[in-house]
Amino acid sequence: MLEQTKQYVTWQEGDTHHKALWISQSNYEPPSRIVIVDDSTTAGEAYRLANAGTSMLWRGDFQNAKQLLQALQRRIDRAEERKKNKENKLANKSAKDAANDIPNLFHKNRQAQSQRARLLSRLILQLDENFVSKLRRAPDVSAACTAAFGKITEPCVLSFRDLQGALGAAQWREKGVPIKELGLSIYPHYGVFAPTRQEYVQLLLDAPLPSPCEVAYDIGTGTGLLAIILAKRGIKQVIASDINPSALACAKDNLDRLKLTDVQLQQVDLFPKQVPKANLIVCNPPWLPAKPSSPLEYAVYDPNSAMLRGFLKGISQYLAENGEAWLILSDLAEHLNLRSRDELLGWIDDAGLTVKYRLDTQPTHGKSHDENDPLYVARSAEVTSLWCLIRAI
Ligand SMILES: C[S@@+](CC[C@H](N)C(=O)[O-])C[C@H]1O[C@@H](n2cnc3c(N)ncnc32)[C@H](O)[C@@H]1O
């Protein structure tokens, strides 16, 4: 089980009082109101119950639960659309004006996402102490759950949504994410940032290495992708750090698969300890300065840009003479008015650094082309850069 304190959920079913371990990846509290639902429950009822804060423990057919969840999702989307149109009407805003009010849209979109996640998480199921479901037509979810949530020794209850997350992650882990520029695949683990958007890989291959380049750090290594690129580019001593223990386990797995066993791994906040100064320090920090709404979002959201600022601030202390730091950063936050370019340049300056050069690329991931995405205006303008930083003289 993850290192959180154990929490339990209790409910009454007929004459029997039940108690089970509560698992929630979003750290939701155990539900206090639970009703039993099955194949006879309609999407309308489920929607009403979810909105009333009641959790629904599923006792029907496993596959039917998936359909109910999809129907619930559609109802939530429709309700969200109605709410948005009503708000725009009240504020006398055309759909075009609303689409251009980016900061407002971002916050509204996050609120809607978190509300949707909460409502969908109201459909829950019970698994035994081996993560086996007794529901009709239930697949074997035990390996995926053990990989995601760790071993347990007692029955548990979790949301179908979290179960789906674990099953999805298990598939990624098995199939891998192909990194075509490198001709290899990366195998993400549950809860570790999956490199599905890869525009920055080419930037890391294109940037000329500083000379000499014997020692390099990869700060916030995630799956180990950047450390792998550095090792493959011939740097002898690569040290990769991450604050998340799952990321380090995942990086180790990927490095082992590629037989890059010389890369050192450290679980630390930012910079590795007791290692030589670096000729090159790379970092691809979470790129949006906002509060993560679940632990899984820590790779994307960086509250108050703490990691970004901590990284910039520490560079001078860890950099060898003539060394370079490569910051990989999307400017989406600038298009969302969450951070300004001047702020970023100010932090670089305050850290005693200067920009040697910058390489830019445009994201190619699906959302940047999806005109129906509420943040399309900002996403379509997004640029990801490799900022090559050196000590200011
Ligand atoms: C956007 S992901 C990048 C992962 C990987 N480097 C890549 O490019 O695919 C950011 C990573 O930084 C890690 N991280 C966040 N805060 C950190 C900190 N204070 N110290 C070290 N790592 C941190 C996260 O756990 C996550 O793995």
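About the cut-offs
Residues numbered from 1 in each chain as written. Predicted model: local features only at pLDDT ≥ 70, side-chain atom pairs only at ≥ 80, totals over all residues. Heavy atoms only, no water. Helix = DSSP H or I, 4+ residues; strand = E, 2+ residues; numbered from the N terminus. Rg over C-alpha atoms; globule rule 2.2 N^0.38 Å. Buried < 20%, exposed > 50% of the residue type's maximum accessible area, 1.4 Å probe, protein only. Contact = heavy atoms within 4.5 Å. Domains from an automatic or database assignment. Buried area = accessible area lost by both parts, 1.4 Å probe. Salt bridge = Lys/Arg side-chain N within 4 Å of Asp/Glu carboxyl O. Polar contact = N/O pair within 3.5 Å; in protein donor to acceptor, adjacent residues only side chain to side chain. Nonpolar A, V, L, I, M, F, W, Y, C, P; charged D, E, K, R; others polar. Axes fitted to C-alpha atoms, helices over the stretch in contact; angles between N-to-C directions. Phe/Tyr/Trp six-rings, centres within 6.5 Å; stacked < 30°, edge-to-face > 60°. Lys NZ or Arg CZ within 6 Å of the ring centre and 35° of its normal.

## Section: the overall build of the chain
The secondary structure content of the chain amounts to 13 helices and 15 strands. Against the 2.2 N^0.38 benchmark of 21 Å for 393 residues, the chain shows a C-alpha radius of gyration of 23 Å, consistent with a compact globule. With the C-alpha coordinates of the chain rotated into their principal frame, the extents come out at 75 × 55 × 35 Å. By residue count, 49% of the 393 residues in the chain fall in the buried class. Counting only contacts in the chain whose residues sit at least 6 apart along the sequence, the fraction spanning at least 24 positions is 67%.

## Remarks on the domain arrangement of the chain
The domain architecture assigned to the chain consists of domain 1 (8-171) and domain 2 (176-391). Contacts between the two partners involve 18 residues from domain 1, matched on the other side by 20 residues from domain 2. For the pair domain 1 and domain 2, the summed buried area comes to about 1,500 Å², and 62% of that belongs to carbon and sulfur atoms. In terms of surface lost to domain 2, no three residues of domain 1 exceed Ile 102, Phe 106 and Arg 110, which account for 39% of the buried area on that side. Here domain 1 and domain 2 share one salt bridge between them. A salt bridge links Glu 297 to Arg 110, with the nearest nitrogen and oxygen atoms 2.7 Å apart. Summed over the shared surface of domain 1 and domain 2, the result is three residue pairs in polar contact (both at pLDDT 80 or more). Counting residues per element, the ones that place at least two in the side of domain 1 that touches domain 2 are helix 3 (95-100), helix 4 (102-120), helix 5 (142-149) and helix 6 (160-175). No other element matches the seven residues that helix 4 contributes to the side of domain 1 that touches domain 2. In terms of residue class, the side of domain 1 that touches domain 2 is made up of nine nonpolar, eight polar and one charged.

## Section: the packing of helix 10 (residues 306-318) against helix 12 (residues 341-350)
One can describe the packing of helix 10 onto helix 12 by two numbers: an axis separation of 8 Å at closest approach and a directional angle of 30°. Contacts between helix 10 and helix 12 involve Leu 308, Arg 309 and Leu 312 on the former and, on the latter, Leu 344, Trp 347 and Ile 348. Considered class by class, the residues forming the contact of helix 10 with helix 12 number five nonpolar, no polar and one charged.

## Topic: the packing of aromatic side chains
Across all of its chains, the model carries seven aromatic pairs by this definition. With 6.2 Å between their ring centres and 50° between their planes, Phe 131 and Phe 149 make a pair best called tilted. Here Phe 149 lies in helix 5 and Phe 131 lies in the loop between strand 5 (123-127) and helix 5, a separation of 18 residues in the sequence. Note on accessibility: Phe 131 and Phe 149 belong to one class, buried. Considering the side-chain rings of Phe 271 and Phe 311, the 6.1 Å spacing of their centres and the 10° angle between planes classify their relative orientation as stacked. Of this pair, Phe 271 sits in the loop between strand 11 (264-267) and strand 12 (278-283) while Phe 311 sits in helix 10, and the two are 40 residues apart along the sequence. Taken individually, Phe 271 and Phe 311 each receive the classification buried, so the pair is uniform in this respect. By way of ring pairs, the aromatic residues Tyr 217, Phe 271, Phe 311 and Tyr 318 are connected into one cluster. Positioned above the aromatic ring of Tyr 8 is the side chain of Lys 19, whose terminal nitrogen or guanidinium carbon lies 4.6 Å from the ring centre. Between the NZ or CZ atom of Arg 110 and the centre of the ring of Tyr 301, over which it lies, the distance is 3.7 Å.

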